[in-house]
Amino acid sequence: MKIAVLAGDGIGPEITEQAERVIAALAQDGLRIETERALVGGAAYDASGDPLPESTLKLCEKSDAILFGAVGGPKYDALPRPKRPEQGLLRLRKHFDLFANLRPATVFPELAHASTLRPEVVAGLDILIVRELTGDIYFGQPRGVRTNEAGEREGFDTMRYAESEIRRIAVIAFEAARKRGKRVCSVDKANVLETTQFWRDIVTDVHQQHRDIELSHMYVDNAAMQLVRNPKQFDVIVTGNMFGDILSDEASMLTGSIGMLPSASLNARNFGMYEPIHGSAPDIAGKGVANPLATILSLAMLLRHSLGQEAAAQRVETAVRKVLAQGLRTADIAEQGKRTVGTREMGDAVIAAL
Ligand code: NAD
């Protein structure tokens, strides 16, 4: 099994290095797994003038999964759009047709204090948001600004979902739920939008082949409210691109710890790109203080979803839980005045706990 490691910019190299060390530890224990690095984002632009060089794409194509750090930084903000670091990320998503975005929002009991909600509302929270990533109003045509019949300018976009697009994301959600709490809540706005009534009908139909999973439906406005009222009622939430964009950010902030949250973007072959949800954090880059746990938890998702190594995935997640229980904290998740550890020390602790 081969993993392409694209560290990127800012804290990217520091945090992916800790995940690579975890992989090396798993390999020492007999997991047949290797890694190879390639440049992406600003680092790739500096080296070759392209945020996604051909050599990087080639490496990803011959790998089983991609572990991605983060890209971007103030240095690149003035570049023309096609040269910007985030183009590396967007082009990878497009090239591999990564239509399924999996964003867990988990609150480890020890970190419940980091949330802006009361600890009892979020302690033990474990939600998985499955967001469709390549369709919906973000990509629908036609779109633009035009002059209407009354002679007034108007902006317009097209919300559109093909049946096959809904089917494949629904399957991902039901299959993910089977490995968890066996409940899927599909979020739509079927009372107002034709596209999302169609979404509801198709998800209901796909459910016929997944009867062991409980399916419920919820309007997006209610879902936004329920996520802060009683987030623990959810197991898996499946939704379209726009609603998922908003709800997944809302859910991640329930946890209060951006340095803890992993994500996966998968295609139909279970090939995927795995990355922390945070960015390149230029404000702390190079200081050795970034939290590597979101990246290490992304590795656990990679092992589970792309490599089929559930036992190894659980080992990594258990190790992370253990270091938190031992009281180790990087600065972003520490309570005020408590001792903190750096990026590498946190990596050391996870490896020891493995
Ligand atoms: P950010 O996520 O990089 O940082 C937000 C805040 O969270 C900062 O204070 C940062 O220090 C802190 N933080 C983030 N990750 C952390 C970690 N692992 N440990 C400790 N603290 C952490 O978001 P931003 O500042 O808005 O963006 C910075 C750059 O990252 C921009 O160039 C942006 O475009 C890029 N970005 C990239 C991605 C990606 O690669 N997927 C995602 C978001 C932003």
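Residues numbered from 1 in each chain as written. Predicted model: local features only at pLDDT ≥ 70, side-chain atom pairs only at ≥ 80, totals over all residues. Heavy atoms only, no water.

Trainee: If you had to explain the packing of aromatic side chains to someone new, which residues and values would you point to?
Mentor: The final tally for this structure, using the stated rule, is two aromatic pairs. Summarising the aromatic geometry, the rings of Tyr161 and Trp199 are spaced 5.3 Å apart at their centres and angled 55 degrees between planes, so their arrangement reads as tilted. Placement of the pair is Tyr161 in the loop between strand 7 (153-156) and helix 6 (163-178) and Trp199 in helix 7 (residues 194-207), with a sequence separation of 38 residues. Overall, the relative accessible area of 9% leaves Tyr161 in the buried class. The lysine or arginine in question, Arg146, covers the ring of Phe156, its NZ or CZ lying 3.7 Å from the ring centre. The ring of Phe99 is capped by Arg168, whose NZ or CZ atom sits 3.8 Å from the centre of that ring. (Phe/Tyr/Trp six-rings, centres within 6.5 Å; stacked < 30°, edge-to-face > 60°. Helix = DSSP H or I, 4+ residues; strand = E, 2+ residues; numbered from the N terminus. Buried < 20%, exposed > 50% of the residue type's maximum accessible area, 1.4 Å probe, protein only. Lys NZ or Arg CZ within 6 Å of the ring centre and 35° of its normal.)

Trainee: Tell me about the sheet that holds strand 4 (residues 100-106), and please be specific about residues and values.
Mentor: Read from one edge to the other, the open sheet built from 10 strands follows the order 2-1-3-12-11-4-5-10-8-9, with strand pairing classed as mixed. The sheet is open, and its two borders are formed by strand 2 (34-38) and strand 9 (214-219), each paired with just one other strand. Geometrically, the sheet is characterised by an average inter-axis angle of 20 degrees between neighbouring strands, direction not taken into account. Across seven bridges, strand 4 lies against strand 5 (residues 126-132) in antiparallel orientation. Bridge pairing in strand 5 links Asn101 to Arg131. Helix-sheet contacts for helix 7 involve strand 5, strand 8 (183-188), strand 9 and strand 10 (236-239), and the interaxial angle to strand 9 is about 175 degrees. (Pairing = 2+ DSSP bridges. Axes fitted to C-alpha atoms, helices over the stretch in contact; angles between N-to-C directions. Contact = heavy atoms within 4.5 Å.)

Trainee: If you had to explain helix 6 to someone new, which residues and values would you point to?
Mentor: Compared with the 22 Å implied by 1.5 Å per residue over 16 residues, the 23 Å span of helix 6 between its first and last C-alpha is a close match. Regarding helix 6, the residues found buried are Glu165, Ile166, Ile169, Ala170, Ile172, Ala173, Phe174, Ala176 and Ala177. In this structure, the buried residues of helix 6 make contact with strand 4, strand 5, strand 8, helix 7, strand 9 and strand 10. (Expected span 1.5 Å × (residues − 1).)

Trainee: Please give an account of the layout of surface pockets that cites residues and values.
Mentor: Considering only enclosed or pocket space, the largest pocket measures out at about 740 Å³ in volume. Leu89, Leu90, Arg93, Arg131 and Leu133 are the residues nearest the centre of the largest pocket, which is lined by 32 residues in total. Looking at the lining of the largest pocket, the element that brings in the most residues is helix 4 (residues 85-95), giving seven residues. Of the domains in this structure, domain 1 (1-97 + 269-354) and domain 2 (126-254) are the two that each give at least three residues to the lining of the largest pocket. (1 Å grid on protein atoms, 1.4 Å probe; cavity = no way out; pocket = protein on both sides within 12 Å on 5 of 7 lines; lining within 4 Å. Points joined across faces, edges and corners; volume = space filled by probe spheres on them. Domains from an automatic or database assignment.)

Trainee: A description of the packing of helix 11 (residues 310-325) against helix 12 (residues 343-353) should follow, citing residues and the corresponding values.
Mentor: Close contact between helix 11 and helix 12 brings their axes to 8 Å; oriented N to C, the two are set at 120 degrees. Crossing angle aside, the handedness with which helix 11 passes helix 12 is right-handed. Where helix 11 approaches helix 12, its residues Ala319, Lys322 and Val323 are matched on the opposing element by Met346, Ala349, Val350 and Ala353. Looking at the contact of helix 11 with helix 12, its residues break down into six nonpolar, no polar and one charged. (Left-handed = near helix turned anticlockwise from the far one by under 90°. Nonpolar A, V, L, I, M, F, W, Y, C, P; charged D, E, K, R; others polar.)

Trainee: Explain the pairing of strand 8 to me, using residue names and the numbers behind them.
Mentor: Summarising burial for strand 8: five of the six residues are buried, a large majority. Across four bridges, the pairing between strand 8 and strand 10 is parallel. Along strand 10, the bridge assignment pairs Val184 with Val236.

Trainee: Tell me about the side chain of Ser252, and please be specific about residues and values.
Mentor: Here Ser252 shows up in helix 9 (residues 241-255). Within the local environment of Ser252, its side chain forms a polar contact with the backbone oxygen of Asp249, the two atoms lying 2.9 Å apart. Excluding residues within four positions of it along the chain, Ser252 makes contact with Arg103, Ala105, Leu261 and Ile277. (Polar contact = N/O pair within 3.5 Å; in protein donor to acceptor, adjacent residues only side chain to side chain.)

Trainee: Give a detailed account of the pairing of strand 11 (residues 262-266), specifying residues and quantitative values.
Mentor: For strand 11, the tally of buried residues reaches five of five residues, placing the bulk of the element in the interior. Judged by which residues are buried, strand 11 turns out to be covered on both faces: Pro262, Ala264 and Leu266 on one side and Ser263 and Ser265 on the other are all buried. Across three bridges, the pairing between strand 4 and strand 11 is antiparallel. Bridging across to strand 11, Ala100 finds its partner in Leu266. Looking at chain direction, strand 11 and strand 12 (residues 272-276) are connected through five bridges and run antiparallel. Bridge pairing in strand 12 links Leu266 to Gly272.

Trainee: Which residues make up the domain arrangement of the protein chain, and what values do they have?
Mentor: Under the domain assignment used here, the protein chain contains domain 1 (1-97 + 269-354) and domain 2 (126-254). Taken over C-alpha atoms, the centre of domain 1 sits 27 Å from the centre of domain 2. Taken together, the contact pairs four residues of domain 1 with five residues of domain 2. Approximately 440 Å² of surface area, both sides summed, lies buried where domain 1 meets domain 2, with 62% of it carried by carbon and sulfur atoms. If you look at where domain 1 meets domain 2, you find one salt bridge. Asp97 serves as the salt-bridge partner of Arg168, at 3.3 Å between the closest nitrogen and oxygen. For the interface between domain 1 and domain 2, the tally reads one residue pair in polar contact (both at pLDDT 80 or more). Residue composition of the side of domain 1 that touches domain 2, grouped by class: one nonpolar, one polar and two charged. (Buried area = accessible area lost by both parts, 1.4 Å probe. Salt bridge = Lys/Arg side-chain N within 4 Å of Asp/Glu carboxyl O.)

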